[in-house]
Amino acid sequence: MEGAPSSANPTRDLVRDEVVLSAQTWVVKVGTSVLAGHDGRLDLAKIDHLAEQISKVMDTGRKIALVSSGAVGAGIGRLGLKGRPDNLRQLQAAAAIGQSYLIRAYDDGLRKHGRHAAQLLLTHEDFDSRLRYLNMRNTLLALFEWNAVPIINENDTISVDEIKFGDNDRLAAMVANLIQAPLLVILSVVDGLYLTDPALPGPAEVVSRVPVIDDRVMNLACGGRSALGTGGMQSKLASARLVTHAGGSVIIASGTRPDPLTRILAGDEVGTLFLAHGQNHKARKRWIGSTARPRGRFIVDDGARRALETGANSLLAIGVVEVEGDFEKGDVVAVRDASGQEFARGLTNYTAADARSIRGQHTLQVRKTLGTSLYDEVIHRDNLVLIL
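Residues numbered from 1 in each chain as written. Predicted model: local features only at pLDDT ≥ 70, side-chain atom pairs only at ≥ 80, totals over all residues. Heavy atoms only, no water.

Quick look at the nonpolar core
Our working definition: We define a nonpolar core as any set of buried Ala, Val, Leu, Ile, Met, Phe, Trp, Tyr and Cys residues linked to one another through side-chain atoms lying within 4.5 Å. Residue burial is assigned from relative accessible area. The probe radius is 1.4 Å, only protein chains are included, and a residue is buried under 20% of its type maximum, exposed over 50%, and partly exposed in between.
Core analysis: the biggest nonpolar cluster contains 46 residues, and V27, F127, I152, L237 and F274 have the highest contact counts within it. In this structure, A23, V34, I64 and V270 belong to the second largest nonpolar core, which totals 39 residues.

Looking at helix 7 (residues 130-145)
Stated formally: Helix and strand labels come from DSSP, where a helix needs a run of H or I of at least four residues and a strand needs a run of E of at least two; each type is numbered from the N terminus. A helix is expected to span 1.5 Å multiplied by its residue count minus one. The arc under discussion is defined with respect to the helix axis, by the directions toward the C-beta atoms.
Relative to the 22 Å expected for 16 residues at 1.5 Å per residue, helix 7 spans 23 Å between its end C-alpha atoms, a close match to the ideal helical length. The set of residues buried in helix 7 consists of Y133, M136, L140, L143 and F144. Looking straight down helix 7, one finds that the buried residues subtend no more than 105 degrees of arc, so they occupy a single side. Exposed residues pointing more than 90 degrees away from the buried face of helix 7 are listed as L131 and E145. Just beyond helix 7, the residue with positive phi is N147, at close to 60 degrees.

A short note on the packing of helix 7 against helix 12 (residues 283-291)
Worth spelling out the cut-off: A fitted line through C-alpha atoms serves as each axis, taken over the contacting stretch for helices, and the angle formed by two N-to-C directions is quoted from 0 to 180°. We call two directions roughly parallel when the angle between them is under 35 degrees, roughly antiparallel when it is over 145, roughly perpendicular when it lies between 65 and 115, and oblique otherwise. By definition, any crossing whose near helix is turned counterclockwise from its far helix by less than a right angle is left-handed, and any crossing with a clockwise turn is right-handed. Note on contacts: a residue pair is in contact if any heavy atoms of the two residues lie within 4.5 Å. Amino acid classes used here: Ala, Val, Leu, Ile, Met, Phe, Trp, Tyr, Cys and Pro are nonpolar; Asp, Glu, Lys and Arg are charged; the rest, including Gly, are polar.
Following both chains from N to C, one finds helix 7 and helix 12 inclined at 125 degrees, their axes separated by 12 Å at the closest point. Regarding the angle of helix 7 to helix 12, the classification is oblique. The crossing of helix 7 and helix 12 is right-handed. Across the interface between the two elements, R130, Y133 and R137 of helix 7 pack against A283, R284, R286, W287 and T291 of helix 12. Of the residues belonging to the contact of helix 7 with helix 12, the class tally is three nonpolar, one polar and four charged.

Here's the deal with the confidence of the model for the protein chain
As a reminder of what qualifies: pLDDT runs from 0 to 100 and stands for how confident the predictor is about each residue.
Looking at the protein chain as a whole, its pLDDT mean stands at 88, while 91% of the residues score no less than 70. No element of the protein chain has a lower mean pLDDT than strand 1 (residues 2-3), at 64, and none a higher one than strand 10 (residues 296-300), at 98. Low pLDDT, under 50, characterises residues 5-9; the predicted model gives this stretch two contacts beyond four residues in sequence or across chains. Of the regions scoring below 50 in pLDDT, residues 223-230 engages in 18 contacts with residues more than four places distant in sequence or in other chains.

Some thoughts on the packing of aromatic side chains
Which entries qualify depends on this criterion: Note on ring pairs: Phe, Tyr and Trp rings are taken, using the six-membered ring of Trp, and paired if centres are within 6.5 Å. Classes follow the plane angle, with under 30 degrees stacked, over 60 edge-to-face and the rest tilted.
Following the criterion strictly, the structure yields four aromatic pairs and no others. Plain terms: the ring middles of Y133 and W287 are 6.1 Å apart, the flat faces sit at 50 degrees to each other, and that makes the pair tilted. In this pair, Y133 is assigned in helix 7 and W287 in helix 12, connecting sequence segments 154 residues apart. In this structure Y133 comes out as buried when scored by relative accessible area, which is 0%. Look at F298 and F327: their rings are 5.6 Å apart centre to centre, the planes differ by 85 degrees, and that puts the pair in the edge-to-face class. Placement of F298 in strand 10 and of F327 in the loop between strand 12 (320-325) and strand 13 (332-336) is noted, with a sequence separation of 29 residues between them. Taken as a pair, F298 and F327 share a single burial class, namely buried. By way of ring pairs, the aromatic residues F127, Y133 and W287 are connected into one cluster.

Let's talk about the sheet that holds strand 12
Sheet strands pair by backbone hydrogen bonding; their relative direction is either parallel or antiparallel. Going by this rule: Only strands that DSSP links by at least two bridges are regarded as paired with each other.
Spatially, the five strands line up as an open sheet ordered 12-10-13-14-16, and their pairing is mixed. Here the strands that pair on one side only, and so sit at the sheet edges, are strand 12 and strand 16 (384-386). Averaged over all pairs of adjacent strands, the angle between their axes in this sheet comes to 25 degrees, without regard to strand direction. Taken together, the four bridges between strand 10 and strand 13 define a ladder with parallel strand orientation. What sits directly across from R297, in strand 13, is A334. Sitting on the sheet, helix 12 is in contact with strand 13, strand 14 (342-347) and strand 16, with an inclination near 130 degrees to strand 14.

What to know about helix 1 (residues 14-22)
How we decide: Here a polar contact is taken to be a pair of N or O atoms separated by no more than 3.5 Å, where protein atoms must pair a possible hydrogen donor with a possible acceptor and residues adjacent in sequence count only if both atoms sit in side chains.
Every buried residue of helix 1 is accounted for by R16, D17, V19 and V20. Taken together, the buried residues of helix 1 touch strand 2 (25-30), strand 6 (183-188), strand 7 (207-210), strand 8 (249-254), helix 11 (260-265) and strand 9 (272-274). Two or three places before V15, at the opening of helix 1, D13 has a side-chain oxygen 3.0 Å from that residue's backbone nitrogen.

Brief notes about a nonpolar patch on the surface
The condition that has to hold: The residues that make up patches have over 30% relative accessible area and no salt bridge, and they are joined within 9 Å when like-charged or within 5 Å when they are Val, Leu, Ile, Met, Phe, Trp or Tyr. Areas reported here follow the Shrake-Rupley algorithm with a probe of radius 1.4 Å; residue values treat only the protein chains shown as occluding. Criterion for a salt bridge: a side-chain nitrogen of Lys or Arg within 4 Å of a carboxyl oxygen of Asp or Glu.
Residues L79, L81 and I97 make up a contiguous nonpolar surface patch of about 230 Å² in total accessible area. Given a relative accessible area of 42%, L79 falls into the partly exposed group.

Points about the pairing of strand 2
Judged by how many residues are buried, strand 2 sits mostly within the fold: six of six residues are covered. Side chains of strand 2 alternate between two faces, with T25, V27 and K29 and W26, V28 and V30 buried alike. With six bridges joining them, strand 2 and strand 3 (residues 63-68) adopt parallel strand pairing. Bridge pairing in strand 3 links W26 to I64. Across five bridges, the pairing between strand 2 and strand 6 is parallel. Note that in strand 6 the partner of W26 across the bridge is L183.

Examining the layout of surface pockets
Threshold: Detection works on a 1 Å grid of protein atoms alone, calling trapped sets that fit a 1.4 Å probe cavities and calling open sets with protein on both sides within 12 Å along at least five of seven lines pockets, with lining residues defined by an atom within 4 Å of a point. Grid points are joined across faces, edges and corners, and a volume is the space filled by probe spheres set on the points.
Computed from the structure, the second largest pocket encloses a volume of approximately 510 Å³. Contributing to the lining of the second largest pocket are 22 residues, with R241, L242, H245, I387 and L388 lying nearest its centre. Of all the secondary structure elements, the ones that give two or more residues to the lining of the second largest pocket are helix 10 (233-245), helix 12 and strand 14. For the lining of the second largest pocket, the element with the highest residue contribution is helix 10, accounting for six residues. Taken together, the residues that form the lining of the second largest pocket break down as eight nonpolar, seven polar and seven charged.

Structure, rendered in structure tokens:
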């Protein structure tokens, strides 16, 4: 990790320049607390400023998809509530009221710069389905062709625990992987990743650049959250790890300071840059490895793990020790070692029932067990993604 350069001896970060200037498609995520005023209501002036920032970046020929929180907060403000409701029914109703207000504010702000806002409301089920996933991607690419700005939010009016993203940080990471955006910018109320707890007395140093998000980096997250938002630094780091492992870079910066996006574009030392360190997967493998939720698990022996980690081998039945869950052929399944660590994901060639019947068997035994076996591999290497 690298700290921010001294203000007395500023130096230009050529790595940051390369990351930012080469990124022609950005996903920008903005949190509720960035958009709200002190009273918790949606601040139209902040929306206008963000719309202006987006337009200035797009004037350079870049494309931006915006993942925006704020529907519940906007609904709370419109209803004059004293605080955030504590039950799902009222939260979803507040989101329904606030969402129309939020998208109208964005559209008004963007129209001042000759652009259109396009609303997309998503749930995790939309990403689990390969067909819906491709439809989303095609829609976003068409909107880019029309120079529109997709405004993406979780569909809070229907989301329940089993289909929720948890927070919009994760949704933003999944959108970045969906469209293979080389840069995700997360705008929050913090200046980036701190080396020390900013709540403690004394100055808190912001980390300028992080090459790999490992356990040491994760331990720097204080885990706090804003009064209106739902995601803390741990959530942001987990989302950043999804993107960097798939070949994209991430910047976490303050959205409450002036001109955050144009300053990032200018190469200023804004926030913390998390560098891409994984293989730059194509959209299909990003869906397998970091987007679709696994329907089950294969527990494999040490030999199978070593073979898979070469990247040149498929998962065979003989290496499978245990099969967990209930899944169908073609579902995404997690691959774990004997200690329970997940290290890969892939598309299974067998149902859970068939996989249980052939686990630990050689290929010839598999054919005898199932009669006519169409596949020698449980997961073919072309449908397998390493996630560590």
